[in-house]
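For reference, the chains in residue letters:
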Amino acid sequence: FCVTMTSCVLSLFFLLSLCFSVSAVDPTGLRVRITDRSLDVLKGVGLEFLKELENKRSDFSFQWKAVKCSIEGFTLTRLTVNPAQVVLRFQQNSGLQFEIQDLVFTGDLEREINLCLWREFNIDSGRTAFGGAGVSARIAVTLNRNQQGRLSVQMPTCEFRADNIVSGSTGIVGYALDLLIRVFQNYFTTQICPAVQTYVVPKVNSMLESITMVTPLYEALGINVDYSLSGDVAVTSNSLDVPFKGLVFRQGETVDAGSIRYRADPVFRESNLMAYVGVSEFFFNSAIMSFYSTGIMVQVEQVTHPAAKAALKALQLFRQPLRLTDPLSGELQVTEAPSVNISQKDGLTVNARARVRVFAVPARRQQEQLLSVSATCTVNMKVAIQGNYLTLPSDNVSCKIITKNAFRDFMACFLKEQRFLCLKNSVSLRERSTIMM
């Protein structure tokens, strides 16, 4: 099934664009689809990104043979573009393409040029102010999945043109540089894209390599989710699909993904909304296995159901006649990891095996077991979103007593009344902006 994705995820996909990569057999727990209906939102995110580049300092250096040039305090002081002059589109089997017209920019930097012989000799230092008008660019961005399931950016297409580029520098070499820029303006504009591909793209890939592909899902229990890519990113003319592994696990434990039950990866059959999120059985089964391993699927409550209480007191008359006045408590415990099935008709169906034990609880004395009954239960759930939470409210609980016992019908009522802690409450998972997931 699919649910509409909230807008907080959209900013992640300003960089996510596409493409081809290595094939993989990892199951997919989460799949995200961004459609062309969200391109205006993505364009807005891109323009905000350009705005954030203003007044950001950066330092870098490069060397050509014996000449070493160091740039410090490179700052873009102004970046202006008309949103109507920006075009963003999906490219079939390629990625995202950006087209920008009439961009205006200004900036400044501090330079130092050294001649490297047996030691470095400073031949120039000074300040340069630069600017450009009538700038247009066409950039295609693709994204690959590497062997580790991480992202790597490529820029196969980059075209840059400027009607006018000016600079004002201090120092003798600076004046010569200003003259060269005026005379060889076309040459300098052709070197901008290679410079971006040489220096900017590797920095972006280095940043992506440093991002962890694991995020906490339920910190109190040490439960995390792995949102590394499980396969290739697919792009059509009107959508972009990103598959995530979506493996939920406990910190410090190793999980065999092949042991987790699932039937199919999420598949989208429409592109009418801005974005979609698909969740498979793999995600839910890995999550429920992780929660089961923590030992929290146990609930102890006082027996209050009238029919169940009357039946248990009748049994107690024969088994524990001296404790008829003692209160009774019931313990419901899931005895093996539940399994989750997803169908279009029923939504989520959780199948669980549990044991019910009833104890007499005398004051200041050790409790004694009165009855133990095993049962299998099926719970139907429907997915809903409440605020910032994905909730799974239970729709119907049906239990079948598998212990041969004269009180089975009464205990079935008791089970349905009390429910399980893990099945009674809605399972709430805080939304993440990341793996996905």
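Cut-off values and rules
- Residues numbered from 1 in each chain as written.
- Predicted model: local features only at pLDDT ≥ 70, side-chain atom pairs only at ≥ 80, totals over all residues.
- Heavy atoms only, no water.
- Helix = DSSP H or I, 4+ residues; strand = E, 2+ residues; numbered from the N terminus.
- Buried < 20%, exposed > 50% of the residue type's maximum accessible area, 1.4 Å probe, protein only.
- Contact = heavy atoms within 4.5 Å.
- Phe/Tyr/Trp six-rings, centres within 6.5 Å; stacked < 30°, edge-to-face > 60°.
- Disulfide = S-S within 2.5 Å.
- pLDDT = per-residue confidence, 0-100.

Student: Tell me about the side chain of Thr-189, and name the residues and values.
Tutor: Structurally, Thr-189 is set in helix H3 (residues 185-190). Residue class for Thr-189 comes out buried when judged on its relative accessible area of 7%. Apart from residues lying up to four places away in sequence, Thr-189 is in contact with Phe-160, Ala-162 and Ile-165.

Student: Let's hear about the packing of aromatic side chains: which residues, and what values?
Tutor: The full count for this structure, using the stated rule, is seven aromatic pairs. Taking the centre distance of 5.9 Å and the plane angle of 45° together, the rings of Phe-268 and Tyr-276 count as tilted. Accessibility classification places Phe-268 together with Tyr-276 in one group, the buried group. One aromatic cluster is present, built from ring pairs that chain together Phe-74, Phe-105 and Phe-130.

Student: Tell me about the state of the cysteines, and please be specific about residues and values.
Tutor: Each disulfide consists of a covalent bond between the sulfur atoms of two cysteine residues. Here the structure, examined in full by the defined rule, presents two disulfides. The disulfide partner of Cys-158 is Cys-193, and the S-S distance across this bridge is 2.0 Å. Because the torsion about its S-S bond is -75°, the bridge between Cys-158 and Cys-193 counts as left-handed. One end of the pair, Cys-158, is in strand E8 (residues 151-169); the other, Cys-193, is in helix H4 (residues 192-210), and 35 residues separate them in sequence. Taking the relative accessible area as the measure of exposure, Cys-193 reaches 7% and is therefore buried. Linked covalently through their sulfurs, Cys-377 and Cys-399 form a disulfide whose S-S length is 2.1 Å. Disulfide Cys-377 to Cys-399: torsion about the S-S bond roughly 110°, handedness right-handed.

Student: Can you tell me about the confidence of the model for the protein, naming the residues and giving the values?
Tutor: In the predicted model, the protein carries a mean pLDDT of 80, and 86% of its residues have values of at least 70. When the criterion is pLDDT under 50, residues 1-24 qualifies, and its contacts beyond four places in sequence or with other chains add up to 90 contacts. Long-range and interchain partners of residues 419-437, a stretch whose pLDDT sits below 50, account for 68 contacts in this model, where long-range means more than four residues apart.

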